[in-house]
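Summary of structural features
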Amino acid sequence: MELATTLTSQTVQNAIREIGINPDYWYPVGWANKLQPGHIMPVTIWKQAIAVFRDTGGKLHALEDACAHKGVALHKGQIQGKHLLCPYHGWEFNGAGQCVKIPYLPETHKLPCAQVRSYPVCEKYNLIWVFPGDASLATSIPLPEVPEFDDPDCLMVPIPAHFQAHFTICNENTMDVFHGFLHKNLQGWFDPVLTSLKTTESSVHADYRVSYKGVMTKILGLSDRGDEVTTRTVSLHYQYPHYHSSLEGVSSLYLMRSPMGAAETKSFTLMFLRLNLPKWLVQPFKPLISAYVWRFLFSKFLDQDIEMMESEQRTYSNNPQRRYVEINPAIIALQKVMMRQYEQYRRKTLSSQLSGNQQEESLSLSEAISSGRVESS
Ligand code: FES
Ligand SMILES: [Fe+2]
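Residues numbered from 1 in each chain as written. Chains lettered and ligands numbered in written order. Predicted model: local features only at pLDDT ≥ 70, side-chain atom pairs only at ≥ 80, totals over all residues. Heavy atoms only, no water.

With an unreviewed UniProt entry as reference, the protein chain is termed Aromatic ring-hydroxylating dioxygenase subunit alpha, source organism Scytonema millei VB511283.

**Structural notes on the packing of aromatic side chains**
As a reminder of what qualifies: Two aromatic rings, drawn from Phe, Tyr or Trp (for Trp, its six-membered ring), form a pair once their centres lie within 6.5 Å of each other, and the interplanar angle then sorts them: stacked below 30 degrees, edge-to-face above 60, tilted otherwise. Strands are runs of DSSP state E lasting at least 2 residues, helices are runs of H or I lasting at least 4, and numbering of each runs from the N terminus. Residue exposure (1.4 Å probe, protein chains only): buried if accessible area is under 20% of the type maximum, exposed if over 50%, otherwise partly exposed.
Applying the stated criterion to the full structure yields 10 aromatic pairs. Taken together, a centroid distance of 5.9 Å and an interplanar angle of 80° make the contact between Tyr 254 and Phe 272 edge-to-face. Placement of the pair is Tyr 254 in strand β17 (residues 251-261) and Phe 272 in strand β18 (residues 264-273), with a sequence separation of 18 residues. Residue class for Phe 272 comes out buried when judged on its relative accessible area of 2%. Three or more aromatic residues joined by ring pairs form one cluster here, namely Tyr 25, Tyr 238, Tyr 240 and Tyr 243.

**Here we look at the coordination of the iron ion (ligand 2)**
Each pair of donors in an ideal four-coordinate tetrahedral metal site encloses 109.5 degrees, whereas pairs in an ideal six-coordinate octahedral site enclose 90 or 180 degrees. Worth spelling out the cut-off: Coordination shells were defined by N, O and S atoms within 2.8 Å of each metal, extended to 3.2 Å for Na, K and Ca; water is absent from the atom set, which can make sites look incomplete.
Protein coordination at the iron ion (ligand 2): the donors are His 179 (NE2), His 183 (NE2), Asp 305 (OD) and Asp 305 (OD), at 2.1 to 2.3 Å from the metal. Each donor residue of the iron ion (ligand 2) belongs to the same chain, and together they define the spacing H-x3-H-x121-D. Of this pair, His 179 sits in the loop between α1 (167-175) and β13 (190-199) while Asp 305 sits in helix α4 (residues 286-318), and the two are 126 residues apart along the sequence. The exposure class assigned to His 179 is buried, which follows from its relative accessible area of 14%. Assessed through its relative accessible area of 10%, Asp 305 is described here as buried.

**Examining α1**
Taken across its 9 residues, α1 has 9 buried, putting it largely inside the fold. Those residues of α1 lying buried are Phe 167, Thr 168, Ile 169, Cys 170, Asn 171, Glu 172, Asn 173, Thr 174 and Met 175.

**Observations regarding the domain arrangement of the protein chain**
Selection criterion: Throughout the structure description, domain borders are defined by an automatic or database domain assignment. As a working definition, buried area equals the accessible area (1.4 Å probe) given up by two parts on being put together, with both sides summed. Any Lys or Arg side-chain nitrogen found within 4 Å of a carboxyl oxygen on Asp or Glu counts as a salt bridge. Pairs of N or O atoms within 3.5 Å make up the polar contacts considered here, provided that, within protein, one atom can donate a hydrogen while the other can accept it, and that residues adjacent in sequence are counted only when both atoms are side-chain atoms.
Examined at the domain level, the protein chain breaks down into domain 1 (1-25 + 153-377) and domain 2 (36-140). On a C-alpha basis, the centroid separation for the pair domain 1 and domain 2 is 33 Å. For the pairing of domain 1 and domain 2, the buried interface totals around 1,200 Å² over both sides, and the portion due to carbon and sulfur atoms is 72%. If you look at where domain 1 meets domain 2, you find 0 salt bridges. At the boundary of domain 1 with domain 2, the tally comes to 5 residue pairs in polar contact (both at pLDDT 80 or more). Those elements that place two or more of their residues in the side of domain 1 that touches domain 2 are β17 and β18. Top contributing element to the side of domain 1 that touches domain 2 by residue count: β17, with 4 residues.

**As for the sheet that holds strand β10 (residues 121-124)**
Sheet strands pair by backbone hydrogen bonding; their relative direction is either parallel or antiparallel. Put simply, the rule is: Between any two strands, pairing holds if DSSP finds at least two bridges. Whenever a helix is involved, its axis is fitted only over the stretch in contact; in every case the axis is a line through C-alpha atoms, and angles between N-to-C directions fall within 0 to 180 degrees.
Taken in spatial order, the 3 strands of this open sheet run β2-β11-β10, and their pairing is antiparallel. With one partner strand each, in any of the chains shown, β2 (27-31) and β10 form the two edges of the open sheet. Taking the axes of each pair of neighbouring strands and ignoring which way they run, one obtains an average angle of 30° across the sheet. Alignment of β2 against strand β11 (residues 127-130), held across 4 bridges, turns out to be antiparallel. The residue of β11 that forms the bridge with Tyr 27 is Val 130.

**Re the environment of Ile 128**
Within the secondary structure, Ile 128 is located in strand β11. A residue is classified by how much of its surface remains accessible, and Ile 128, at 0% relative accessible area, is buried. Spatially, the C-alpha atom of Ile 128 lies 31 Å from that of Gln 353, the residues being 225 residues apart in sequence.

**A short note on the nonpolar core**
Note on soluble globular proteins: their nonpolar side chains tend to be buried together. This is how the line gets drawn: We define the nonpolar core as a collection of buried residues of types Ala, Val, Leu, Ile, Met, Phe, Trp, Tyr and Cys that are connected through side-chain atoms lying within 4.5 Å of one another. Contacts are residue-level and defined by heavy atoms, with any inter-residue pair within 4.5 Å sufficient.
Among the nonpolar cores identified, the biggest contains 72 residues, and Val 52, Ile 128, Val 130, Met 175, Tyr 208 and Tyr 238 are the most heavily contacted of them. Ranked by residue count, the leading element in this core is helix α5 (residues 329-353), at 9 residues. Domain assignment of the residues forming this core places at least three in each of domain 1 (1-25 + 153-377) and domain 2 (36-140). If near-sequence neighbours (up to four positions away) are discounted, Val 52 is found in contact with Val 29, Leu 35, His 39, Ile 40, Met 41, Val 43, Leu 60, His 61, Ala 62, Ile 128 and Val 130.

**As for the layout of surface pockets**
Selection criterion: Here a cavity is any set of points on a 1 Å grid over the protein atoms alone where a 1.4 Å probe fits but cannot get out, and a pocket is any open set with protein on both sides within 12 Å along at least 5 of 7 lines; a residue lines the site when it has an atom within 4 Å of a point. Grid points are joined across faces, edges and corners, and a volume is the space filled by probe spheres set on the points. The classification used treats Ala, Val, Leu, Ile, Met, Phe, Trp, Tyr, Cys and Pro as nonpolar, Asp, Glu, Lys and Arg as charged, and all other residues, Gly among them, as polar.
Computed from the structure, the largest pocket encloses a volume of approximately 520 Å³. In terms of lining, the largest pocket is formed by 21 residues, of which the most central are Arg 17, Glu 172, Asp 176, Glu 312 and Glu 326. Among the secondary structure elements, those contributing two or more residues to the lining of the largest pocket are α1, α4, β19 (324-326) and α5. With 5 residues, the single largest contributor to the lining of the largest pocket is α4. A breakdown of the residues in the lining of the largest pocket according to their chemical character gives 11 nonpolar, 4 polar and 6 charged. For the second largest pocket, the calculated volume is near 290 Å³. What lines the second largest pocket is a set of 16 residues, among which Leu 143, Pro 144, Glu 145, Gln 239 and His 242 lie closest to the centre. Broken down by secondary-structure element, the contributors of at least two residues to the lining of the second largest pocket are β15 (230-239), β16 (242-247) and β17. If one sorts the elements of the lining of the second largest pocket by residue count, β16 sits on top with 3 residues. Within the lining of the second largest pocket, the residues separate by chemical class into 11 nonpolar, 4 polar and 1 charged.

**Considerations on the sheet that holds strand β9 (residues 99-101)**
Spatial ordering of the open sheet is given by β6-β7-β8-β9, a layout of 4 strands whose pairing is antiparallel. Strand pairing shows two members of the sheet lacking a second neighbour, β6 (78-80) and β9, which therefore form its edges. Sheet topology note: the β6/strand β7 (residues 83-85) ladder contains 3 bridges and is antiparallel. Bridged to Gln 80 within β7 is His 83.

Next comes the structure, spelled out in structure tokens:
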């Protein structure tokens, strides 16, 4: 559906900062090359603590990070072959989460039925992905497509980030191209104009026209001359729960979000650049250039964004009743998608758990929250 791009005043209702995720998607939890065989990585996806481990054969597994015996964190344990051993009494769990051995139980005794939840897990684009929702859906839900990953002409810059802010605040920051003001001292973009806005049940697509000027425009291949204003289109595509943004064939950004809790979010970003530098110079030094571009250029943008997002979160946490005004329709469209996804999941969970009157009551509560969420003023 095509939406109007006119900037109009909207009052944002704060229920958006209280929503949870729809877990029936793949979420990134860490860089795959950082988890060696025989090691365990503790991760959190929306309040679920998960122990991801790579067995000695190199295969990944993801188990609930709480032992079936006494709830001790399994990520403190150790790997033996294909199994994870709890640090407390050494109970041994396989990749499916079944307890397959208790070291002090005589072999003649039957093992108790002790099981921890296991999660679908995979690796792609040097990222580890976990599916925290209904495991039976995992194979039918695709991972984001990142075609540049194998493109030898692209320089890939992996960008990890960790914010003390609700994921909706982080997602709004990405959709909000009007905040170029914040980055003006870094030769960021200026004069943004929202030119197109489309939405579906699970996505928002926004095009903005933006201008650049300065030496960076030359290095990034935006223009042959840094001293002139160059105007380009930035396209942002939010396909719940992740982003892809591109700058007219010059750069591409895959921004994978990993909400951890009510005021904590991680993201794993893959940025691809087609640098305006000779290939013979770029090719042998790709990892070095990538680290340099990140450290001395984009990390500064990110630091400025983090400061803003965490400030926004603190104000919200101190006074959840406070009202805010938004004028960018792309932000409102984004909020609606995030809210809709959460509500869809809530409805699905409620209908499978409750029956009759109980279900009616809970759904009408959910509708009441949802109907007062965003109002035109
Ligand atoms: S708490 Fe894990 S083995 Fe006892
Ligand atoms: Fe920014």
